[in-house]
Amino acid sequence: MRLRVLDLDHQPPYRSQAVYHGIAAALTAGDAPVLTLLSPSDPYVCVGLHQDIALEVDEAYCQEQGLPVIRRRVGGGAVYLDRHQLFFHFIYPAEHAPRRISEIYGHFTDPVIETYRRLGVDAHFRPVNDIQVNGRKIGGTGAATLGEATVMVGSFLFDFDVDTMSRCLKVPSEKFRDKLRQGMDDYITTLTRELGHPPSREEVIATFLQALRDRLGVEPVADNPTPAEEAAIAQQERALADPDWTHQKGRRFVEGGVKIAEGTHLADGAEKAPGGLVRARLLSRDGRVADLSLSGDFTVFPQTGMERVAQALRGLPLDPEGLEVAISRAMQREEMDLPGVDPRHIATAILNARRG
């Protein structure tokens, strides 16, 4: 099968995200799959589809440093991106890609891991979606359905700025930030760290394309975006820069736990699941769910699944067993694929909400 390869070199922040969004939007059934390769020309912070920026990102610091905060249409967590990372985006017609998230990750990370190994780095896949070397993370991946396309994104880390990454995230204290910085330094690795002198961008790409031939049975063919794809990329760049899109999550409520009236409280709760952090912003009234927002760094198909779950719980008592049953039914009804997160984790996040 022919695989169109679009090597776009370095791109400005918004365009670096808009490229794969736009190509996915332009893709139709029967089109050849696409692989895009690019690096950001300037640094920025990218947040996952389901994250609440107010809870995850130090927006004041990012503004001071001139770092755009861009929300992608793919799940996962907030991350600092710069020119020392080479991003790849697999954009496949749905009929040529696995259906379940776990299968998507396994399929598309296989040639990525093979590339690392051929470069001399003993990489392994760790579910749900990490690539690790001797217990250290060297790359995360994300998956989504965008229009008619199945998309899997990831990166090759030449180097990683732990200090800036730790400053971009919202934390409760500077002492906590120091621990975060040390933790990332201990548990994140890069090509530079593993090899001393990293390979060139050209060597990584050449090795990757050969691994794609050998592991996926495709024939990579260098190409350029079509006029229709360029138009879709430009449209997506405008959409991703829209403040209403960027800050859509979590803006209905004020931050923190407060008593609004007797029997009515607003509070946040969270639960760490194997598939990611689940955050719940709960407005409770007389022991029932009056309103609910669910966010986090998980990956879910369909993308509206968590919103549907939150809607289904409105009016229900804050009872652990009852919530789990209702969440399970909603997930089944929506045919949700939510690897590493089960109804118990969502219910626990909701019940962990406490008054501030």
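In this text the structure is predicted, and so the values were computed from the model without any measurement.

Colleague: Can you walk me through the sheet that holds strand E4 (residues 69-71) in this structure?
Modeller: Picture the strands of a sheet paired through backbone hydrogen bonds; they go either parallel or antiparallel. Spatially, the three strands line up as an open sheet ordered E4-E3-E5, and their pairing is mixed. The strands lining the two open edges of the sheet, one partner per strand, are E4 and strand E5 (79-81). Strand-to-strand twist of the sheet, defined as the mean angle between neighbouring strand axes without regard to direction, takes the value 35°.

Colleague: It is not clear to me how the pairing of strand E10 (residues 149-157) should be interpreted in this structure. Could you clarify?
Modeller: Consecutive side chains along a regular strand alternate between the two faces of the sheet. For E10, the buried fraction is high: nine of the nine residues fall into the buried class. Side-chain alternation along E10 places Ala-149, Val-151, Val-153, Ser-155 and Leu-157 on one buried face and Thr-150, Met-152, Gly-154 and Phe-156 on a second face that is also buried. In the sheet, strand E6 (residues 85-93) pairs with E10 via nine bridges, with the strands oriented antiparallel. Paired with His-89 across the strands is Val-153, a residue of E10. Relative to E10, strand E9 (residues 136-146) is paired through six bridges, and the arrangement is antiparallel. Within E10, the residue paired with Ala-144 across the bridge is Val-151. In this structure, the hairpin formed by E9 and E10 is closed by a connection of two residues, where Gly-147 is found at a positive phi of approximately 65°.

Colleague: Quick question: what am I supposed to make of the pattern of salt bridges here?
Modeller: Once the charged atoms of two side chains with opposite charge are near each other, the side chains can pair. Within the structure shown, the criterion is met by 21 salt bridges. Taking the shortest distance from any N to any O, the salt bridge between Lys-137 and Asp-130 comes out at 3.5 Å. The class for Lys-137 is partly exposed, based on a relative accessible area of 33%. One salt-bridge network, held together by shared partners, links Arg-2, Arg-4, Asp-223 and Glu-229.

Colleague: Can you help me understand the packing of helix H12 (residues 320-333) against helix H13 (residues 343-351) in this one?
Modeller: A packed helix pair is summarised by two numbers, namely the angle formed by the two axes and the spacing between the axes. One can describe the packing of H12 onto H13 by two numbers: an axis separation of 9 Å at closest approach and a directional angle of 130°. Here H12 is positioned oblique relative to H13, judged by the angle of their axes. In this structure, H12 crosses over H13, and the sense of that crossing is right-handed. Counting all contacts with H12, which are made through Pro-320, Leu-323, Glu-324, Ile-327, Ser-328 and Met-331, the residues of H13 involved are Pro-343, Arg-344, Ile-346, Ala-347, Ile-350 and Leu-351.

Colleague: Whenever I open this one, unusual backbone geometry confuses me. Can you help?
Modeller: Working note: non-glycine residues mostly have negative phi, and peptide bonds are mostly trans. Here Pro-127 and Val-128 are connected by a cis peptide whose omega angle stands at 15°. Of note, Val-128 is situated in the loop between strand E7 (123-126) and strand E8 (130-133). Here the bond from Phe-301 into Pro-302 is cis, since omega is -10°, no more than 30 degrees from zero. Looking at the secondary structure, you find Pro-302 in the loop between strand E15 (288-296) and helix H11 (305-313). Even without being a glycine, Asp-9 presents a positive backbone phi close to 60°. Here Asp-9 shows up in strand E1 (residues 2-11). On the basis of relative accessibility, which here comes to 41%, the residue Asp-9 falls in the partly exposed class.

Analysis parameters
- Residues numbered from 1 in each chain as written.
- Predicted model: local features only at pLDDT ≥ 70, side-chain atom pairs only at ≥ 80, totals over all residues.
- Heavy atoms only, no water.
- Pairing = 2+ DSSP bridges.
- Helix = DSSP H or I, 4+ residues; strand = E, 2+ residues; numbered from the N terminus.
- Axes fitted to C-alpha atoms, helices over the stretch in contact; angles between N-to-C directions.
- Buried < 20%, exposed > 50% of the residue type's maximum accessible area, 1.4 Å probe, protein only.
- Salt bridge = Lys/Arg side-chain N within 4 Å of Asp/Glu carboxyl O.
- Parallel < 35°, antiparallel > 145°, perpendicular 65-115°, else oblique.
- Left-handed = near helix turned anticlockwise from the far one by under 90°.
- Contact = heavy atoms within 4.5 Å.

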